[in-house]
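Architecture and fold: a report
This is what each chain is made of:
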Amino acid sequence: MHQLLNSAGAAHVRTATLADLPLIETFHRSCSEQALHRRWGRTRITRRDIERLLHYSACWIALHTTDEVVALASAGPVSREPGVFDLGLQVADVHQRRGIGLALARHAAAHGRSRGAHTFSVYTEASNLPMLGLVRRLGHPTESRQQGTHLDVRVPLPATPSATHF
C-alpha cells in the first residue's frame, strides 16, 4: 500500500482485487450519474463490468479510510496496438480536483511504462473537461479522434515517471 498526498490530506493506494468488489460497488453507488456517465458511458455499473475490468487490466483503488474507496484507476493494453495502454479513471465527486486522479494516472503511467507501453489511450466524453485537463497535465496529446460525443485521446508516456507522492 502506498500513501498518496493530496490537498485533502492522505489517501492510501493499493492494487484492487476481486475481494474489493463490495468496496468498489459502494464507491460507484456514491458517484453521481453524471460522473458515471462521463467515465463509463452509462449510469449503471454492474458487478460483471468490474470483474472484467479487474481481469483485463491492472487496477488500483485509493482509500480515504480503510473502507472508503475515493478513486479507481485502471491501465491495460489496447488490443492490436502494441505499446498502447488504456487509462481508466473514476474519482468520487466530493474528492475531485484534489490531485488524486492525476497521482493515480501518473502511477498507472509508470506501471504501463514498466510493461512496455509508450502511449496512453484515454476514451472520454468530449465534454469531460476535468479528464481532458488531467490528460494535458500528463503530457502533450499527440492525437485526438472524435467518435460521436466521445474522444479517443493519445498521450505519449514520459520516459521517466513524474513524482506521484507515493
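Right, let's walk through the structure included here. Every value quoted in this text rests on a predicted model; they were computed, and no experiment measured them.

The rules we used
Residues numbered from 1 in each chain as written. Predicted model: local features only at pLDDT ≥ 70, side-chain atom pairs only at ≥ 80, totals over all residues. Heavy atoms only, no water. Helix = DSSP H or I, 4+ residues; strand = E, 2+ residues; numbered from the N terminus. Buried < 20%, exposed > 50% of the residue type's maximum accessible area, 1.4 Å probe, protein only. Arc of directions from axis to C-beta. Pairing = 2+ DSSP bridges. 1 Å grid on protein atoms, 1.4 Å probe; cavity = no way out; pocket = protein on both sides within 12 Å on 5 of 7 lines; lining within 4 Å. Points joined across faces, edges and corners; volume = space filled by probe spheres on them. Salt bridge = Lys/Arg side-chain N within 4 Å of Asp/Glu carboxyl O. Contact = heavy atoms within 4.5 Å.

What follows concerns the environment of Gly 99. Inspection of the secondary structure assignment puts Gly 99 in the loop between β5 (84-91) and α4 (100-114). C-alpha of Gly 99 to C-alpha of Leu 134: the two residues are 35 residues apart in sequence and 9.4 Å apart in space.

Turning to helix α1 (residues 21-30), a few remarks are in order. If you check which residues of α1 are buried, you get Leu 21, Ile 24, Glu 25, Phe 27 and His 28. Buried residues of α1, seen end-on, are gathered within an arc of 160° and therefore sit on one face of the element.

Turning our eyes to something else, we now look at the pairing of strand β7 (residues 143-147). By the bridge criterion, five bridges tie β7 to strand β8 (residues 150-156) in an arrangement that is antiparallel. In the sheet register, Ser 144 faces β8, and the bridge partner there is Val 153. What sits between the antiparallel neighbours β7 and β8 is a turn of two residues, in which Gly 148 has the positive phi angle 70°.

Attention now goes to the layout of surface pockets. There is about 990 Å³ of room inside the largest pocket. Surrounding the largest pocket, 38 residues form its lining, Arg 39, Gly 88, Leu 89, Gln 90 and Met 131 being those nearest its centre. Going through the elements one at a time, α2 (33-40), α3 (47-56), β4 (68-77), β5, α4, β6 (119-125) and α5 (129-138) are the ones with two or more residues in the lining of the largest pocket. For the lining of the largest pocket, the leading source of residues is β5, giving six residues.

Applying the stated criterion across every chain yields a total of eight salt bridges. Of the charged contacts in the structure, one is a salt bridge between Arg 145 and Glu 143, with a shortest N-O distance of 2.9 Å. Look at Arg 145 and you get partly exposed, because its relative accessible area is 34%. Arg 145 is paired through a salt bridge with Asp 152; the nearest N and O atoms lie 3.6 Å apart. The class of Asp 152 is buried, set by a relative accessible area of 7%. Several salt bridges share partner residues, and in doing so they unite Glu 81, Glu 143, Arg 145, Asp 152 and Arg 154 into one network.

As a further point, take α3. Asp 49, Ile 50, Leu 53 and Leu 54 are the residues of α3 that are buried. When α3 is viewed along its axis, its buried side chains cluster within an angular range of 130° and face the same direction. Projecting away from the buried face of α3 at angles above 90 degrees are the exposed residues Arg 48, His 55 and Tyr 56. At its buried positions, α3 is contacted by α1, α2, β3 (58-65) and β4.

None of the figures reported here should be taken as evidence of function without further support.
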